[in-house]
Amino acid sequence: MPLQTEDMIDTLVGQLQPTRVLRRSVGLALAGLAGIATIAITIGLAGMREDVAAGHFPPLFLIANGLVLLLGLSASIAAVTMANPQVGNRPQGWRWGAAAVLLLPLAAIVALVSHAAAVPGSWFGAHDRACLTMGLILGLLMAGTLTAWLRRGAPVAPEMAGLLVGIASGCTGMFAFAFYCPSNSLYHVGVWHTAPIVLSAILGRLVIPPLVRW
Amino acid sequence: MRADEAGLARLMVLAQRGDRAAYASLLKFCAGWLDRYYSRRVPPCRRDDLVQETLLSLHRKLGSYDPQRPFIPWLAAIARYRWVDHLRAVYRSDEVVIEADLAAPDEDEPATARISLEKLFRQLPQGQARVIEMVKIEGLSVAEAARNTGQSEPLVKVNIHRGLKRLAALIEKAD
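Peer 1: Which residues make up the overall build of chain B, and what values do they have?
Peer 2: The helix and strand tally for chain B stands at nine helices and zero strands. Each helix (α) and strand (β) of chain B, taken in turn from the N terminus, gives the series α-α-α-α-α-α-α-α-α.

Spelled out as structure tokens, the structure:
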């Protein structure tokens, strides 16, 4: 072994202190708390849509939010897992969740083209803009939590980590805001409840990697 | 020293608790393992630097090892990350030569066998792989590579840059 390497090992051994292990369960708990806090903040500030508050859950609300929740969970788990590097163990489940969520805008487009759904009064109205904007803003707490976790860990694929943080944040923001958004329109939910997730994924892929490189 | 996965994981857990003797043994093993890992991937003039950089990374990210999981794949992931960094530096500077032993990797190290250069080169377009091998591995000049392949000199340079960039991306994705 070269002398310099031996010297370095001696130095590193001399600097060793007990280290707090980065446990995946703690990361998942923090992500879960960020998700719950986001929903609580949304309902506390904006209120809850009347039908859901009264215990009546429209099918589109359940299906769309169920898919968004599953994608958000799988992306969060994958992002947290990336803090502990391991060759041969990269989570892939979120890809199926993403494919399932993309069925929503696809269904909206097919329904519109085949005249199975009413043409919306506006393609990008004030309500659409509100969901797009709030979906993005409400994802910030999750984005911050996951980014901080990854910075403590050692993600070895920063671009993928950024993409996953973006998807998880967009899903969290949109899932939370859906408790306020009163729309039951397939066009609005299919397009404008998935757009924040796509946009957040792109932003995450572009913005997060430099923050988690080490 | 042959890898004893359970023993290494035990040493790592002790190191995470602050046991210096265990940490010294572990780092010595890691230095040897990394030296073999990089011997097939980087030129000898860069190997020691890369081993030391990786040991430093390991030290900084000691807490990212999950005691529930095997140790070698964790070390391999960190080594690969530093190797990608090195390839990116080659891609940016266009100065360093990659030296690769394209023989089959060690059978007793499946974590490294997954991402051998030979496998990765097969995923590059032929034009890019050929000029990278000629210029960055065999040490030919750009003009010689251009003559041998029939590519223009600017195209050889473009193919080397694109190929190295793609190589780095392939290594990151390889599992």
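Peer 1: Tell me about the packing of aromatic side chains, residues and numbers included.
Peer 2: Applying the stated criterion to the full structure yields 13 aromatic pairs over all chains. Each ring, one from W123 of chain A and one from Y187 of chain A, has its centre 5.3 Å from the other, and the planes form 85 degrees; the classification is edge-to-face. With W123 of chain A in the loop between α5 (93–113) and α6 (126–137) and Y187 of chain A in helix α9 (residues 186–192), the pair connects residues that are 64 residues apart, well separated along the chain. Taking the centre distance of 5.2 Å and the plane angle of 45 degrees together, the rings of F177 of chain A and Y180 of chain A count as tilted. Take F177 of chain A: its relative accessible area is 5%, and that puts it in the buried class. Taking the relative accessible area as the measure of exposure, Y180 of chain A reaches 34% and is therefore partly exposed. Aromatic ring contacts, followed pair by pair, group F57, F61, F175 and F179 of chain A into a single cluster. Over the aromatic face of Y37 of chain B sits the side chain of R41 of chain B, whose NZ or CZ is 4.1 Å from the ring centroid. The ring centre of W214 of chain A lies 5.2 Å from the NZ or CZ of R82 of chain B, which sits over that ring.

Peer 1: Explain the domain arrangement of chain B to me, and be specific about the residues and the numbers.
Peer 2: By a widely used convention, the size of an interface equals the accessible area lost when the partners come together. Here the domain parsing of chain B yields domain 1 (1–94) and domain 2 (115–175). For domain 1 of chain B and domain 2 of chain B, the distance between their C-alpha centres works out to 27 Å.

Peer 1: Tell me about α5 of chain A, residues and numbers included.
Peer 2: Residues and elements named next belong to chain A. Taking 1.5 Å of rise per residue, the 21 residues of α5 would be expected to cover 30 Å, and the 31 Å separating its terminal C-alpha atoms lies within 8% of that figure. Considered for burial, the residues of α5 that qualify are W94, G97, A98, V101, L104, P105, A108, A111 and L112. Against α4 (59–81), α8 (158–177), α9 and α10 (195–212) lie the buried residues of α5. Two residues or fewer past α5, H115 is found with a positive phi of approximately 60 degrees.

Peer 1: An account of the packing of helix α7 (residues 140–152) of chain A against α10 of chain A is needed here, citing residue identities and associated values.
Peer 2: Residue and element names in this part refer to chain A. At a minimum axis distance of 9 Å, the contact between α7 and α10 shows a crossing angle of 35 degrees. For the pair α7 and α10, the crossing hand works out as right-handed. On the side of α7, the interface is formed by T147, L150 and R151, while α10 contributes I208, L211 and V212. Partitioned by chemical class, the residues of the contact of α7 with α10 number four nonpolar, one polar and one charged.

Peer 1: Can you explain the nonpolar core? Please cite residues and give values.
Peer 2: All names here are of chain B. Counting 61 residues, the largest nonpolar core has Y23, W33, Y38, L55 and F71 as its most contacted members. The element best represented in this core is helix α4 (residues 72–93), accounting for twelve residues. Here this core gathers at least three residues from each of two domains, domain 1 (1–94) and domain 2 (115–175). The contact partners of Y38, leaving out residues within four places of it in the chain, are R47, L50, V51, T54, A79, R82 and W83.

Peer 1: Pulling in residues and values, what's your account of a nonpolar patch on the surface?
Peer 2: Where nonpolar side chains cluster on the molecular surface, the patch consists of L102, V198, L199, I202, L203, L206, V207 and L211 of chain A and spans about 690 Å² of accessible area. Among the elements that make up the nonpolar patch, the one with the highest residue count is α10 of chain A (seven residues).

Peer 1: Report on the environment of G66 of chain A, specifying residues and quantitative values.
Peer 2: Residue and element names in this part refer to chain A. Secondary-structure assignment places G66 in helix α4. Taking the relative accessible area as the measure of exposure, G66 reaches 27% and is therefore partly exposed. When the C-alpha atoms of G66 and M142 are compared, they prove to be 18 Å apart, with 76 residues separating the residues in sequence.

Peer 1: Outline the interface of chain A and chain B, listing residues and values.
Peer 2: The interface is formed by 37 residues belonging to chain A together with 42 residues belonging to chain B. Summing the contributions of chain A and of chain B, the shared interface buries around 3,500 Å²; its carbon and sulfur component is 60%. Applying the counting rule to chain A against chain B returns zero salt bridges. For the pair chain A and chain B, the number of links is 13 residue pairs in polar contact (both at pLDDT 80 or more). Where the side of chain A that touches chain B is concerned, the elements lending two or more residues are α1 (3–15), α7 and α8 of chain A. The greatest single-element share of the side of chain A that touches chain B, amounting to eight residues, is contributed by α1 of chain A. Here the side of chain A that touches chain B is built from residues that sort into 18 nonpolar, twelve polar and seven charged.

Peer 1: Describe the packing of helix α2 (residues 24–46) of chain A against α8 of chain A, naming the residues involved and giving the relevant values.
Peer 2: Residues and elements named next belong to chain A. In contact at an axis separation of 9 Å, α2 and α8 are set at 35 degrees when each is read in the N-to-C sense. For the crossing formed where α2 meets α8, the hand is right-handed. Between α2 and α8, the contacting residues are G35, T38, I39 and T42 on the first element and T172, F175, A176 and F177 on the second. In terms of residue class, the contact of α2 with α8 is built from four nonpolar, four polar and no charged.

Peer 1: Mind laying out helix α2 (residues 20–39) of chain B, listing which residues take part and the relevant values?
Peer 2: An α-helical turn contains 3.6 residues, so any two residues separated by three or four positions project in the same direction. Residue and element names in this part refer to chain B. The end-to-end C-alpha distance of α2 is 28 Å, a good match for the 28 Å that 20 residues give at a rise of 1.5 Å each. Looking only at α2, the buried set comprises A22, Y23, A24, L26, L27, F29, C30, A31, W33, L34, Y37 and Y38. For α2, the side-chain oxygen to backbone nitrogen distance between the N-cap and A21 is 3.1 Å, and the N-cap itself is D19.

Peer 1: Break down the pattern of salt bridges for me, citing the residues and quoting the values.
Peer 2: Residue and element names in this part refer to chain B. For the coordinates displayed, the defined rule picks out six salt bridges over all chains. The shortest N-O distance in the salt bridge between D85 and R82 comes to 2.5 Å. Residue D85 and its partner R82 are located together in helix α4, separated by three residues, close to a single helical turn. In this structure D85 comes out as partly exposed when scored by relative accessible area, which is 28%. A relative accessible area of 8% places R82 in the buried class.

Scoring rules and cut-offs
- Residues numbered from 1 in each chain as written.
- Chains lettered and ligands numbered in written order.
- Predicted model: local features only at pLDDT ≥ 70, side-chain atom pairs only at ≥ 80, totals over all residues.
- Heavy atoms only, no water.
- Helix = DSSP H or I, 4+ residues; strand = E, 2+ residues; numbered from the N terminus.
- Phe/Tyr/Trp six-rings, centres within 6.5 Å; stacked < 30°, edge-to-face > 60°.
- Buried < 20%, exposed > 50% of the residue type's maximum accessible area, 1.4 Å probe, protein only.
- Lys NZ or Arg CZ within 6 Å of the ring centre and 35° of its normal.
- Domains from an automatic or database assignment.
- Expected span 1.5 Å × (residues − 1).
- Contact = heavy atoms within 4.5 Å.
- Axes fitted to C-alpha atoms, helices over the stretch in contact; angles between N-to-C directions.
- Left-handed = near helix turned anticlockwise from the far one by under 90°.
- Nonpolar A, V, L, I, M, F, W, Y, C, P; charged D, E, K, R; others polar.
- Core = buried A, V, L, I, M, F, W, Y, C linked by side-chain atoms within 4.5 Å.
- Patch = residues over 30% accessible without salt bridge, like charges linked within 9 Å, V, L, I, M, F, W, Y side chains within 5 Å.
- Areas by Shrake-Rupley, 256 points an atom, 1.4 Å probe, with all protein chains shown as cover.
- Salt bridge = Lys/Arg side-chain N within 4 Å of Asp/Glu carboxyl O.
- Buried area = accessible area lost by both parts, 1.4 Å probe.
- Polar contact = N/O pair within 3.5 Å; in protein donor to acceptor, adjacent residues only side chain to side chain.

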